[in-house]
Amino acid sequence: MNTPSKFLAAAVCGLLLGLPAAAQADDNWPTTDIFIHFGTQDNKLTVSPPELTLQAGEIYRIVVINPSTKSHVVAAPELAATGLTVDLLKGTPKVDYPTAAISAGISVRPGQMMEWTFMPIQEGRYKLGCNQLFHKVAGMHAMIEVVDEVL
Ligand SMILES: [Cu+2]
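Residues numbered from 1 in each chain as written. Predicted model: local features only at pLDDT ≥ 70, side-chain atom pairs only at ≥ 80, totals over all residues.

Caption draft 1: How the structure looks around the overall build of the protein chain. When you go through the protein chain residue by residue, the secondary structure sums to 4 helices and 10 strands. N-terminal to C-terminal, the α/β element order of the protein chain is α-β-β-β-β-β-α-β-α-β-β-β-α-β. A buried classification covers 32% of the 151 residues belonging to the protein chain. Intrachain contacts of the protein chain at a sequence separation of at least 6 include 74% that bridge at least 24 residues. (Helix = DSSP H or I, 4+ residues; strand = E, 2+ residues; numbered from the N terminus. Buried ≥ 20, exposed ≤ 12 C-beta atoms within 10 Å, placed from the backbone. Contact = placed C-beta atoms within 7 Å.)

Caption draft 2: Region of interest: the sheet that holds strand β4 (residues 59-65). The 5 strands are arranged β2-β1-β4-β8-β6 in an open sheet whose pairing can be described as mixed. Sheet topology places β2 (47-48) and β6 (83-90) at the edges, where each strand pairs with a single neighbour. Examined bridge by bridge, strand β1 (residues 31-38) and β4 share 7 bridges and lie parallel to one another. Each bridged residue has a counterpart across the sheet, and for aspartate 33 the counterpart in β4 is arginine 61. (Pairing = 2+ DSSP bridges.)

Caption draft 3: Expanded view of the nonpolar core. Counting 31 residues, the largest nonpolar core has Phe38, Val64, Val74, Ala76, Ile102, Met114 and Phe118 as the members making the most contacts within it. Setting aside anything within four residues of it in sequence, one finds methionine 114 in contact with Val64, Val74, Leu88, Leu89, Lys90, Ile106 and Val108. (Core = buried A, V, L, I, M, F, W, Y, C linked by C-beta atoms within 7 Å.)

Caption draft 4: Highlighting the sheet that holds strand β7 (residues 106-108). Read from one edge of the open sheet, 5 strands run β3-β10-β9-β5-β7, paired in mixed fashion. Each having just a single partner strand, β3 (51-55) and β7 make up the two edges of the open sheet. Ignoring which end each strand starts from, the neighbouring axes of this sheet average 30° apart. Here strand β9 (residues 124-130) pairs with strand β10 (residues 141-147) via 6 bridges, running antiparallel. Its bridge partner being in β10, tyrosine 126 is matched across the sheet by isoleucine 144. (Axes fitted to C-alpha atoms, helices over the stretch in contact; angles between N-to-C directions.)

Caption draft 5: Expanded view of the pairing of strand β8 (residues 113-120). Counting buried positions along β8 gives 6 out of 8 residues, so the element sits mostly inside the fold. Note: β4 against β8, 6 bridges, orientation antiparallel. Bridging across to β8, valine 64 finds its partner in methionine 114. In this sheet, β8 lies alongside β6 in antiparallel orientation, the contact comprising 7 bridges. Looking at the pairing, threonine 85 lines up with phenylalanine 118 of β8.

Caption draft 6: Summary view of the confidence of the model for the protein chain. This prediction gives the protein chain a mean pLDDT of 87; 81% of its residues lie at or above 70. In this model residues 12-25 is a low-confidence stretch, pLDDT under 50, and it forms 21 contacts with partners more than four residues away in sequence or in other chains. (pLDDT = per-residue confidence, 0-100.)

Caption draft 7: Representation of the environment of isoleucine 62 in the model. Topologically, isoleucine 62 is positioned in strand β4. In this structure the C-alpha to C-alpha distance between isoleucine 62 and aspartate 33, which are 29 residues apart in sequence, comes to 6.1 Å.

Right, dumping it as structure tokens:
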């Protein structure tokens, strides 16, 4: 069994047992950092970059920055439901029940940031967007494409 399969097997067992995924992002499991802006300094209701491609089975540290003067509610329910959330930090404190939080939406205040460490598993196109009603209606989201390519 190769390392990714072992990891996945351990994580799936953990999920079946109702335990949090026993994933640790460290030197043995490199993460790729991705920086995403929710809003702009002049308060445009955009997410930048608007399109991202992630490789299934890799771990990403998705850093969401809010440079605007409005609060935004970062949510990716379908993406969170089809992958493994390793960790979620709002500022520095850890968020309890991170998968639930990213599904329901997590409020990021002006100038604040959050970090979502996540392994996408299932191929598809997913929305990562703002759950604030008016922002949602205004189309404030990015599309995340999860691919499973042999590298
Ligand atoms: Cu918003």
